[in-house]
Amino acid sequence: MDNSEQPGEKIVQYLDGELTGQELRNFESELAANPALQAELDNMDLARTAVMHYGLKQQVAVVHQTMMTELRKESATQGRGKVVPLFRTVLKVAAALFIGGLLYGAYQYTTTTPSSFVKDNYQPYTVSAERGEASKSAIETAYINNDFKGTITTFEKTATPTVKEQFLAAQAYLGNHQPAKAITAFSAVLANQGAAYKDDAEYYLADAYIQNGQPAKAKPLLVKIHNDADHLYHSKVTRWTLVKVDILIFKSGN
Amino acid sequence: MVNLKILRILESKIPMPSPVFYNIRTKKPTLVTIAGPAFTNNRNSHMKIAVVSFSDAELIETLRNKHADDEVIRFLYRSYYGLLSNYIRQNQGSEQDAEDIFQEVVVAFIEIIKKDKFRGEAGVKTFLFSLNRFTWLNELKRRSRASAREEKYDNESDADEKDVSHLLVEREAKGMVMAMMDKLGDICKKILVAYYYNDLPMKEILSLVNYENEQVLRNKKYKCIKTLEQMLAADPALAQRFKSALAYGQ
């Protein structure tokens, strides 16, 4: 190294804290007396500052690369995390609904019997007063008095009963738990073309078939009522009524 | 003295939703204050990773007294990158803009702390947000596509931003000086950074570069710093601007 490099080297040694004792004092004296040396020291100090700044930028840039990888991975994980719990929640709700449906179905299957069906759907027929009607027949009188046995006895003794008497007798058989005879009587009512009690007879005939353990025969009648919005008993036959009849058919093995 | 209070240690297979920290025993997220030196070991994805957290005071104290540790920088990323990058993206910035600005903010923040220019009147979060906003709006100005926003910004900037505005000037000057550094070449940069920034002894630097002995290395180091000094001396205006930029309002 030549002599011209000496002042510069001294400056660096001074900056690096390598000058001590007399050497340090001599340099500081020279520095105070030599503005050019001071200017060079300032620039050298600035160069060192630039290195420090560069070093920090480099360090941050290196950490930046690793952190961006980590943060992106984390962001992706969180994104998935939102979807997975939502999917799980939907699955849980679906599973709960499915199990609930199964349990309810099992309950309905167990509890749906002909007697429970009739209990839920059968209401004794009520005779209404007919305008201009002069007098009531013995069958009608017995039925109005809830005397099902009397109604049946009188009916069976009547040679040519009217449609109304046939219908009330059928109701009496049904009320007296004689569904087979009720089926015959309701069928006779329906055999009369244009019978006044057609809608009533269809509905109660279906009830009679259910009571008699013949749900498969009740089904077409109930489907017809369900599909006919003008039928008197349309509102009484819902989809659920038909499902219950299907259960009875399945259980009866027909 | 900063006390180490607790570490979170997790298998790195478990995602790290920072800045939430996990209780080692319960494995449940917990807000804990952790401070002190960094403890990391992530050589591969199956190793355990320790994440260290700092309160504002601990962060300032650590940065002021020590060489900026990687863990401190990682903490800044984990805690504030989401918030600050969101601001950039919501104000016409791209993802790359957000990353670049955040790097600058981190560098400026560390240098401001080291120069003892952080007054601490606002919290670190508020201060970083202001630095981020100011840096980004300056960048928009530089791109000459935000004249209307300039006016809006001048009217809307609050006390916190006015507080940081005097700290951040001459980004371009910094950039130009960094370009000078690049002209020095890789060996010079490696030696100078190792010596002045990483504070490594010559013996250790010798193992990083291919030189015969310490004296040869010492001569090389002198030539490198001298070259940089001469570059700065050749452009006194730039040197002055760079000096002002890194003085952070001194």
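The paragraphs below set out a description of the structure included in this document. In this text, all values refer to a predicted model and were calculated from it rather than measured experimentally. (Residues numbered from 1 in each chain as written. Chains lettered and ligands numbered in written order. Predicted model: local features only at pLDDT ≥ 70, side-chain atom pairs only at ≥ 80, totals over all residues. Heavy atoms only, no water.)

Per the secondary structure count, chain B includes 11 helices and 4 strands. Going through the 250 residues of chain B one by one, you find that 45% of them count as buried. Restricting to contacts in chain B with at least 6 residues of sequence separation, those with at least 24 account for 63%. Here chain B displays about 12800 Å² of accessible surface, and carbon together with sulfur accounts for 50% of that area. (Helix = DSSP H or I, 4+ residues; strand = E, 2+ residues; numbered from the N terminus. Buried < 20%, exposed > 50% of the residue type's maximum accessible area, 1.4 Å probe, protein only. Contact = heavy atoms within 4.5 Å. Areas by Shrake-Rupley, 256 points an atom, 1.4 Å probe, with all protein chains shown as cover.)

Turning our attention to the interface of chain A and chain B. Accessible area lost when the parts come together is the quantity often used to give the size of an interface. The partner chain B presents 44 residues to the 36 residues of chain A that form the contact. Across the chain A/chain B interface, buried area totals approximately 3800 Å², and carbon plus sulfur atoms make up 69% of it. Our count for the chain A to chain B interface comes out at 5 salt bridges. Asp16(A) serves as the salt-bridge partner of Lys221(B), at 2.3 Å between the closest nitrogen and oxygen. Applying the counting rule to chain A against chain B returns 17 residue pairs in polar contact (both at pLDDT 80 or more). (Buried area = accessible area lost by both parts, 1.4 Å probe. Salt bridge = Lys/Arg side-chain N within 4 Å of Asp/Glu carboxyl O. Polar contact = N/O pair within 3.5 Å; in protein donor to acceptor, adjacent residues only side chain to side chain.)

Before going further, it helps to spend a moment on a nonpolar patch on the surface. Residues and elements named next belong to chain A. A cluster of nonpolar residues, Phe98, Ile99, Leu102 and Leu103, forms a patch on the protein surface that exposes about 450 Å² of accessible area. By the secondary structure assignment, Phe98 is in helix 3 (residues 35–111). Using a relative accessible area of 56% as the deciding quantity, one classes Phe98 as exposed. (Patch = residues over 30% accessible without salt bridge, like charges linked within 9 Å, V, L, I, M, F, W, Y side chains within 5 Å.)

Moving on, we come to the state of the cysteines. Residues and elements named next belong to chain B. In the structure shown here, the tally under the stated rule is 1 disulfide over all chains. Disulfide pairing places Cys188 opposite Cys224 at an S-S distance of 1.9 Å. Where Cys188 bonds to Cys224 through sulfur, the torsion about that S-S bond is close to -75°, and the disulfide is left-handed. One end of the pair, Cys188, is in helix 8 (residues 186–197); the other, Cys224, is in helix 10 (residues 214–234), and 36 residues separate them in sequence. (Disulfide = S-S within 2.5 Å.)

All names here are of chain A. As for its placement among the helices and strands, Asp200 is situated in helix 9 (residues 198–211). Lys236 is the oppositely charged side chain nearest to the buried, salt-bridge-free Asp200, at an N-O distance of 10.0 Å. The contacts of Asp200, once residues within four sequence positions are left out, are Tyr125, Phe167, Leu232 and Tyr233. (Lys, Arg positive; Asp, Glu negative; His and termini not counted.)

Judged by nonpolar contacts, the single largest core of 83 residues is most densely connected at Leu59(B), Tyr77(B), Phe109(B) and Leu128(B). With 14 residues, helix 3 of chain A is the single largest residue contributor to this core. If we skip the residues at most four places from it in the chain, Leu128(B) touches Leu76(B), Tyr80(B), Leu84(B), Val105(B) and Phe109(B). Ile152(A), Phe167(A), Leu221(A) and Ile249(A) belong to the second-largest nonpolar core, a separate cluster that totals 41 residues. (Core = buried A, V, L, I, M, F, W, Y, C linked by side-chain atoms within 4.5 Å.)

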